[in-house]
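# Residue-level structure breakdown
Take a look at the letters that make up each chain.
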Amino acid sequence: MRSYTAALMASRPVDPQQSFPDLERDVLKRWGERDVFRASLRLREGAPPWVFWEGPPTANGPPGVHHVLSRAFKDIFPRYRTMRGYLVERRGGWDCHGLPVEIAVEKQLGISSKEQIEEYGIAEFNARCRESVFAFLADWNKLTERIGFWLDLDGAYRTLDASYVESVWWALKQIADKDLLYEGHKVVPYCPRCGTALSSHEVALGYQDVVDPSVYVRLRVVHDGGPLQAGDELLVWTTTPWTLVSNAAVAVDPELTYVRAKTGTLDAPVVLAEALVERVLGDPGAVQILERFPGAAIDGVHYEPPFGYLPSSAYGERGHTVLLADFVTAQDGTGLVHTAIAFGEDDFRLGAQYGLDVVNPVKLDGTYDERIGRYAGRFVKDADADLIEDLRSRGRLLRAEDYEHSYPHCWRCSTPLLYYAKPSWYIATTQVDLLAANEQVTWHPEHIKQGRFGRWLENNVDWALSRERYWGTPLPVWRCEQGHVTVIGSFEELRERSGVLLEDPHRPYVDDVTFDCEACGETATRVPEVIDVWFDSGAMPFAQRHEPFAGELALDEIYPADFICEALDQTRGWFYSLLAVSALLRGPDKPYDHVVCLGLILDEHGQKMSKSKGNVVGPWEVIDEFGADALRWYFFTSKQPWDGYLFSPEAIGEGVRLFLRQLWNTYAFSTLYEPEAALADAPATDLDRWARSRLSATIQTVTDRLDAYDATAAGRAVAAFVDDMSNWYVRRSRRRFWEGDGAAHDTLRHCLVTVSQLLAPFVPFVADEIYDNLDGSSPSVHLTDWPEAGERDLELERAMTVARETVRLGLAARGAAKIKVRQPLHEAVVVAAGPERDAIERLADVVREELNVRALRFVAEAGELGSYSLKPNYRTLGPRFGKAMPQVAAAVASLDAGHVADALRDARPVGIHLDGHDHDLGADDIQLVMAPLEGYQLEREGSHAVALDLELDDGLRREGLAREVVHAVQGARRDAGLDITDRIVLTLAGDDELLAAARAHERYLAGEVLAVGVHFDGDGDGEPASIEGRELRISVVRG
RNA sequence: GGGCGAUUAGCUCAGUCGGUUAGAGCGCUUCUCUGAUAAGGAAGAGGUCCCAGGUUCGAGUCCUGGAUCGCCCA
């Protein structure tokens, strides 16, 4: 066992009022001076690696408190693993490309369209993007450092670097070589303002509740056919009237039942799904059903389109006819679905199935082209009202109303998205087994795997990769006029073909590079698109190292990461792109092992934080007031992180008061007293052994929970131990510290130093300060090895639990009797038997002192103080007796309690009779419960009770008064502003009985108040005090 | 409309394998202790464990349905 005596002498004095933010700034300085982060990596050189990947944020906006959340969790596990002996490299990274950056620059420039960007010049525009993307880099770095997130910021990877781009190209080439990169003509969510298609994860970011028109349109049947006659009207429903101008067909479910119905208000019969008659036409009594038939019966029926701008022939043979489809439902609308091939995914598929031609009369800026007559040039969404009016005036409208629903908008500019058939480059992620890769990942919380993420992967569609934008990794696809496609996988390959070695691979420079097509010799030029930024981030594992060009690590040495951590919104973002890129390149092996998935941060009322609501709590205001440790501690321990947080400064302050202050004060106390030479080798007590055993238990729990990525339970276990130290170990051991007991000092020091190690991953600043002052044998706690749990003394731990319970009961009894703890009493009578009694006897001194009684008397029989009643233990008996439990309970209740108590004490079984069989019950099966006798002041719980002898004799009363005098003098010391270790000369005057009591216990009094001299001849001008109505005058002079 | 999650004291949260009388902290009331602690201790008030069914000897816990909230998707 190590002695801390030497270290003690060297320890700095500790300010109990220490400001944590100030302390943290000092610790940061020390880390800098001692180069601790780098030292922690050097220390583990050659050790087995434990791989962490930083999901790159974009630094073009200031970091918020939710970034502190993810950065706190990105820090705790790497710190822990480092202490466990792994080499944990932590490279920072920045996501540099993408629309957010372009939007910000557009705002700066006061422009808002692609034309304006090209007018401005792509080279200059991208140069501005390059600057703007790091506009808040300093803020990010400052915050990262301030919260103690150890990350290699100098060596951070950047997705805009040429080396990074080249690795991304390499990956795309690999994918193309597997025939998984293709250009498709698909309906994509498209932002007409940004002029680009959006990926599904981008669409997910922009759903808004909006009110759209909901229109029911009547389409006149042209020829008799099947159950229908010319002039009948097909009813279709849509919430996008602007697509009606390019209506190409009507879809029905072949198996659904439709009706031809006559209403009171319309001349012609109408056609719709039977199930929707009432919803669409109202009062069913006023509707006459003429025919009922399945949808298949009207296959091929011709109708007049709602608008005549585009002739049926434009769509081919089946233009403006009824088609059979599998996506029609009778959930809403009419059961007949308006189909505009260019503007819906289902529509497009159906059109392809029936061989309809794609006709798209909407230009890329979202306005109608010249084919749409009077609407040409108008933004489609703005034309809705006029189109509806047009239908109404021509008798084609059944009804138009408002319809509130959630509709996707552009996540950056809030423009409503259009679904739009466009050529676009895809990665065939449906051809790789993403589910198999996910299967091997361990998610925290578990349900993400099969739930949110797994369900989403099951419905995975091909990855729409291309963006018709400027600031991004250029799609490395060149195409000649013959349409031959060449995918370039490196700068060197491009140089070989074109003779150009790119310095900057971005647009517009890369756009100028051409070469002769290998297949036909014609000139190949690059396609104009850049790629989805999520592909950039998904390529981060190898691109951050410029692999495979650097040639240091193979893919299977790079993958998988041991740990990644991001917020829940990344299920469709980085979690997906990492998984997909890995699966595309290396198959179904897991890309990452453990994922901690964090929840959202809401304000204290559960509202989203937003600038417009003014409820945003910034990271700096919290850190400046409470410190980074406080914020970290809150995130780690206030709740399970994936459930999200109701965030308020008050909640953080509570953690400071209840945990950090308690820890700090315990630490400060440990530096107040020095061991006396004579007591340096004092023997360890049960209390010492208890503290060390509890420490071992805590090490076990914290290690176990951190291994399971459960910071919450781990942190709470440390807090519980710190509370045990502060409110029990130190409280019960104070006198030993005053006296200079070496064993007590060593125990407390050992516990605190070990706690500082356990806390190092959680609250790295306070932990390091405590370690540095109390031990300091290493330059930082973060350079130490994680503590090993020592042996535990389970019997002693259990005994202490019983003893503390006994104290609690005794104090409750005092409270009930209104006898202050200062007043000593003769004895406490404890009812306990067997191991409980052994436990209390073993720790009798602790119990006596805490209760301030001279003696403990044990009563094994309940009879003297109360009587036992019996209760069955359902937990043990339930599984054994099952349905018979009610009879067992009755049998137990009818046993003689005294007899059972005797039997159980002697470890003899108790028999009950049930259904003609005898059963033996043991001590675990029956609980003895105290029932009090009348007339006794006692507190009981379970089988265990404490009663107090309240009789006072003169001796006890004098001692009680002496304690009151001590209490009063301590108050006077404090009022006089003395340090707690100052010696005094004490002069008392006043009530004779008080003075007599003080005189009788003079040595005790002097010892307690650190008096080097006590005089009882005061002249009455000391500080007045009143004890039980008696007057005392106290004068205190520093001695 | 679908998926996932949540709902336990005024507030923030625990609650293991289904087991007796559901816990902690904060806040509140009363009392108390103090030679580290703006702390600690005791007592009190505060609960239809979202609702309704079901399974079970026994349900906060398992099942089914529903409500509300959040996120995601249509």
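Residues numbered from 1 in each chain as written. Chains lettered and ligands numbered in written order. Predicted model: local features only at pLDDT ≥ 70, side-chain atom pairs only at ≥ 80, totals over all residues. Heavy atoms only, no water.

Helix and strand counts for chain A come out as 37 helices and 38 strands. Taking 31 Å as the expected radius of gyration for a compact globule of 1039 residues, we find that chain A reaches 40 Å, considerably beyond that expectation. A principal-axis box enclosing the C-alpha atoms of chain A has dimensions of 120 × 80 × 60 Å. Per-residue burial for chain A yields a buried fraction of 55% across its 1039 residues. Looking at chain A as shown, the accessible area adds up to about 43,800 Å², and 47% of this sits on carbon and sulfur atoms. Taking the average place of the 109 positive charges on the side chains of chain A and the average place of its 162 negative ones, the gap between the two points comes to 3 Å. (Helix = DSSP H or I, 4+ residues; strand = E, 2+ residues; numbered from the N terminus. Rg over C-alpha atoms; globule rule 2.2 N^0.38 Å. Buried < 20%, exposed > 50% of the residue type's maximum accessible area, 1.4 Å probe, protein only. Areas by Shrake-Rupley, 256 points an atom, 1.4 Å probe, with all protein chains shown as cover. Lys, Arg positive; Asp, Glu negative; His and termini not counted. Charge placed at Lys NZ, Arg CZ, Asp CG, Glu CD.)

A few words now on the sheet that holds strand 4 (residues 196–197). Backbone-to-backbone hydrogen bonds join strands into a sheet, with any given pair of strands oriented parallel or antiparallel. Taken in spatial order, the four strands make up an open sheet running 4-3-14-16, and their pairing is antiparallel. Each having just a single partner strand, strand 4 and strand 16 (463–464) make up the two edges of the open sheet. In this structure, strand 14 (residues 418–427) lies alongside strand 16, joined through two bridges in antiparallel fashion. Along strand 16, the bridge assignment pairs Ile427 with Trp463. (Pairing = 2+ DSSP bridges.)

Right, let's talk about the environment of Arg735 for a bit. With respect to the element layout, Arg735 can be found in helix 26 (residues 711–739). Relative accessible area serves as the criterion here: at 41%, Arg735 is assigned to the partly exposed category. Measuring from C-alpha to C-alpha, the distance between Arg735 and Gly499 comes to 85 Å, with 236 residues separating the pair along the chain.

Another aspect to go through is the nonpolar core. Among the nonpolar cores identified, the biggest contains 118 residues, and Phe73, Phe77, Phe635, Phe647, Leu759 and Phe762 are the most heavily contacted of them. Here this core gets eleven residues from one element, more than from any other, and that element is helix 26. (Core = buried A, V, L, I, M, F, W, Y, C linked by side-chain atoms within 4.5 Å.)

Interpreting fine coordinate detail is not advised for predicted regions of low pLDDT. With 95% of its residues at a pLDDT of at least 70, chain A reaches an overall mean of 86. pLDDT under 50 marks residues 1–8. Its contacts with residues more than four places away, or in other chains, come to 20 contacts. Contacts of residues 932–937 to residues separated by more than four positions or lying in other chains number 17 contacts, the stretch itself having pLDDT below 50. Complex prediction metrics read pTM 0.84 and ipTM 0.92. (pLDDT = per-residue confidence, 0-100. Contact = heavy atoms within 4.5 Å.)

Two cysteines joined by a covalent bond between their sulfur atoms form a disulfide. Evaluated as defined, the whole model comprises zero disulfides. The closest cysteine sulfur to the non-disulfide-bonded Cys96 is located on Cys129, 11 Å from its own sulfur. A residue is classified by how much of its surface remains accessible, and Cys96, at 0% relative accessible area, is buried. (Disulfide = S-S within 2.5 Å.)

Here we take up the sheet that holds strand 20 (residues 514–516). Within the open sheet, the four strands sit side by side as 19-18-21-20. Their pairing is antiparallel. Looking at which strands have only one partner, the edges of the open sheet turn out to be strand 19 (485–487) and strand 20. Across the sheet, the axes of successive neighbouring strands diverge by a mean angle of 30 degrees, strand direction being ignored. Looking at chain direction, strand 20 and strand 21 (residues 523–526) are connected through three bridges and run antiparallel. Among the inter-strand pairings, Asp516 is bridged to a residue of strand 21, identified as Thr523. Sheet contacts for helix 17 (residues 491–498): strand 18 (477–480), strand 19 and strand 20; angle to strand 20, the most-contacted strand, approximately 60 degrees. (Axes fitted to C-alpha atoms, helices over the stretch in contact; angles between N-to-C directions.)

Another point: helix 17. Turning to helix 17, its buried residues number three or more, namely Phe491, Glu493, Leu494 and Ser498. The buried residues of helix 17 occupy one face: seen down the axis, they fall within an arc of 160 degrees. Summarising the contacts, the buried residues of helix 17 are in contact with helix 9 (162–177), strand 18, strand 19 and strand 20. At the exit of helix 17 stands Gly499, carrying a positive phi of roughly 80 degrees. (Arc of directions from axis to C-beta.)

A few words now on the packing of helix 23 (residues 628–637) against helix 28 (residues 764–774). Running from N to C, helix 23 and helix 28 point in directions that differ by 120 degrees, and their axes come no closer than 7 Å. Touching Ala628, Asp629 and Arg632 of helix 23 are Pro764, Phe765 and Val766, all from helix 28. A per-class count over the contact of helix 23 with helix 28 returns four nonpolar, no polar and two charged. (Nonpolar A, V, L, I, M, F, W, Y, C, P; charged D, E, K, R; others polar.)

Moving on, we come to the pattern of salt bridges. All chains considered together, the criterion is met by 67 salt bridges. The salt bridge involving Asp511 is made with Arg507; its shortest N-O contact spans 2.8 Å. Residue Arg507 is classed as buried on the basis of its relative accessible area, which comes to 9%. The partner of Glu841 in a salt bridge is Arg837, and the shortest N-O contact between them spans 3.6 Å. Here Arg837 and Glu841 lie together in helix 30 (residues 834–842), a separation of four residues that amounts to about one turn. Judged by relative accessible area, which is 38%, Glu841 ranks as partly exposed. (Salt bridge = Lys/Arg side-chain N within 4 Å of Asp/Glu carboxyl O.)

Attention now moves to unusual backbone geometry. Between Arg507 and Pro508 the backbone carries a cis peptide bond, its omega angle lying at 0 degrees. A cis amide bond links Glu547 with the next residue in sequence, Pro548, at an omega value of 0 degrees. Among the structural elements, Pro548 can be located in the loop between helix 19 (540–543) and helix 20 (555–558). Despite not being glycine, His320 shows a phi value in the positive range, around 55 degrees. On the secondary structure map, His320 appears in the loop between strand 10 (287–294) and strand 11 (322–324).

Now for the environment of Gln607. Secondary-structure assignment places Gln607 in the loop between strand 25 (601–603) and helix 22 (619–626). When the C-alpha atoms of Gln607 and Phe515 are compared, they prove to be 56 Å apart, with 92 residues separating the residues in sequence.

Let's shift gears to the environment of Leu598. As for its position among the elements, Leu598 is in strand 24 (residues 592–598). Residue classification places Leu598 among the buried residues on the basis of a relative accessible area of 0%. As a C-alpha pair, Leu598 and Val513 span 85 residues in sequence and 44 Å in three-dimensional space.

Glancing now at the pairing of strand 3 (residues 181–191). Where strand 3 and strand 14 come together, ten bridges link them in antiparallel fashion. Residue pairing in the sheet places Tyr182 in a bridge with Tyr426 of strand 14. Where strand 3 and strand 4 come together, two bridges link them in antiparallel fashion. Looking across to strand 4, one finds that Tyr190 is bridged to Ala197.

Residue placement: Gln823 occurs in the loop between helix 29 (794–817) and strand 27 (825–831). What Gln823 contacts, discounting residues up to four positions off in sequence, is Arg814, Asn852, Leu952, Leu956, Arg957 and Gly960.

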